[in-house]
Amino acid sequence: ADLGAFPVSVAEWGTLRPFPTDYLPVTAHTAAALLLLPGDQLVRLEIYRLLVLGLGVLFATVLFRRWVSSPYALAGSVLLLATVRLDQKFDGYRPETVAFVLALFVLWVADRAFVERDRRLVAFGVIGSGVVFLCHAEVFLILAALLVGLATARLLVAPSRRRDTTGLRRPTSRALVA
């Protein structure tokens, strides 16, 4: 922060190594958040972690709320974020944590875009997907698979605009595939 830029190298385990530039958006976000938060360094780290966790619960609840009632959505989001693999990522300030929280938000925006067919929501989802990619590429790949699955599910359960002549086979096939 004193330099006004990212350092060229960092001391790690007694030796200098190049500064990791793989996750610059997350690094810049974390550094800015830690500079703006009040208190001692350890207090700021804990506040930051709790903010990211709170946003994760909020975005997961809002996403799940699209399909189930609020108590079930909240329970599902708590269970999702309390899994062994995810809680360790929230404990360790990993870059994929911020990307995962953003991916939950992008999934909510994309689901709204699929249902409402609004171009602004589509554009917002594309921009959000780009931010997720810049934050962490592996989370972006998971997000891409989830978006394809969400689009497929929405297309299968969407009401057809043309007259259905196949009888019960089409709704049954939709239910089986979904």
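Residues numbered from 1 in each chain as written. Predicted model: local features only at pLDDT ≥ 70, side-chain atom pairs only at ≥ 80, totals over all residues. Heavy atoms only, no water.

Caption draft 1: Up close: the packing of aromatic side chains. Enumeration according to the criterion identifies 4 aromatic pairs in this entry. Centroid distance Phe-105 to Trp-108: 5.8 Å. Interplanar angle 35 degrees. Geometry classified as tilted. With Phe-105 and Trp-108 both in helix H5 (residues 95-116) and 3 residues apart, this pair spans about one turn of that helix. Take Trp-108: its relative accessible area is 22%, and that puts it in the partly exposed class. The interplanar angle of 90 degrees and the centroid separation of 5.8 Å between the aromatic rings of Phe-105 and Phe-124 together place this pair among those described as edge-to-face. Taken together, the positions of Phe-105 in helix H5 and Phe-124 in helix H6 (residues 119-135) put the pair 19 residues apart, joining distant regions of the chain. When its relative accessible area of 23% is taken as the criterion, Phe-105 is described as partly exposed. Taken together, the aromatic side chains of Phe-59, Phe-105, Trp-108 and Phe-124 make up a single cluster linked through ring pairs. (Phe/Tyr/Trp six-rings, centres within 6.5 Å; stacked < 30°, edge-to-face > 60°. Helix = DSSP H or I, 4+ residues; strand = E, 2+ residues; numbered from the N terminus. Buried < 20%, exposed > 50% of the residue type's maximum accessible area, 1.4 Å probe, protein only.)

Caption draft 2: Here's a closer look at the pattern of salt bridges. All told, the structure shown has 5 salt bridges when counted by the stated rule. Across the pair Arg-49 and Glu-46 runs a salt bridge whose closest N-O atoms are separated by 2.4 Å. In this pair, Arg-49 and Glu-46 are both assigned in helix H2 (residues 41-64), 3 residues apart and thus about one turn of the helix distant. Here Glu-46 falls in the partly exposed class, since its relative accessible area comes to 33%. The shortest N-O distance in the salt bridge between Asp-118 and Arg-120 comes to 3.7 Å. (Salt bridge = Lys/Arg side-chain N within 4 Å of Asp/Glu carboxyl O.)

Caption draft 3: Representation of the nonpolar core in the model. Core analysis: the largest hydrophobic core is formed by 26 residues, its most contacted members being Tyr-48, Leu-104, Leu-107, Val-132 and Leu-143. Per-element accounting of this core gives the leading share, 9 residues, to H5. (Core = buried A, V, L, I, M, F, W, Y, C linked by side-chain atoms within 4.5 Å.)

Caption draft 4: Seen up close, the side chain of Thr-61. Inspection of the secondary structure puts Thr-61 in helix H2. On the basis of relative accessible area, Thr-61 is assigned to the buried category, the value being 16%. Separated by 2.7 Å, the side chain of Thr-61 and the backbone oxygen of Val-57 make a polar contact. Residues in contact with Thr-61, not counting those within four places in the same chain, are Ala-73, Leu-74 and Ser-77. (Polar contact = N/O pair within 3.5 Å; in protein donor to acceptor, adjacent residues only side chain to side chain. Contact = heavy atoms within 4.5 Å.)

Caption draft 5: Just the packing of helix H1 (residues 24-36) against H2, in detail. The contact between H1 and H2 brings their axes to 9 Å, and the two run at 120 degrees. Relative to H2, H1 is oriented oblique. Judged by the twist between their axes, the crossing of H1 over H2 is right-handed. Within the contact between the two elements, H1 uses His-29, Thr-30, Ala-33, Leu-34 and Leu-35 and H2 uses Gln-41, Arg-44, Leu-45 and Tyr-48. The residue inventory of the contact of H1 with H2, partitioned by class, reads 5 nonpolar, 3 polar and 1 charged. (Axes fitted to C-alpha atoms, helices over the stretch in contact; angles between N-to-C directions. Parallel < 35°, antiparallel > 145°, perpendicular 65-115°, else oblique. Left-handed = near helix turned anticlockwise from the far one by under 90°. Nonpolar A, V, L, I, M, F, W, Y, C, P; charged D, E, K, R; others polar.)

Caption draft 6: Just a nonpolar patch on the surface, in detail. On the surface, Leu-55, Leu-58 and Val-62 cluster together to form a nonpolar patch covering roughly 220 Å² of accessible area. With respect to the helices and strands, Leu-58 occurs in helix H2. Accessibility expressed as a relative area gives 44% for Leu-58, which makes it partly exposed. (Patch = residues over 30% accessible without salt bridge, like charges linked within 9 Å, V, L, I, M, F, W, Y side chains within 5 Å. Areas by Shrake-Rupley, 256 points an atom, 1.4 Å probe, with all protein chains shown as cover.)

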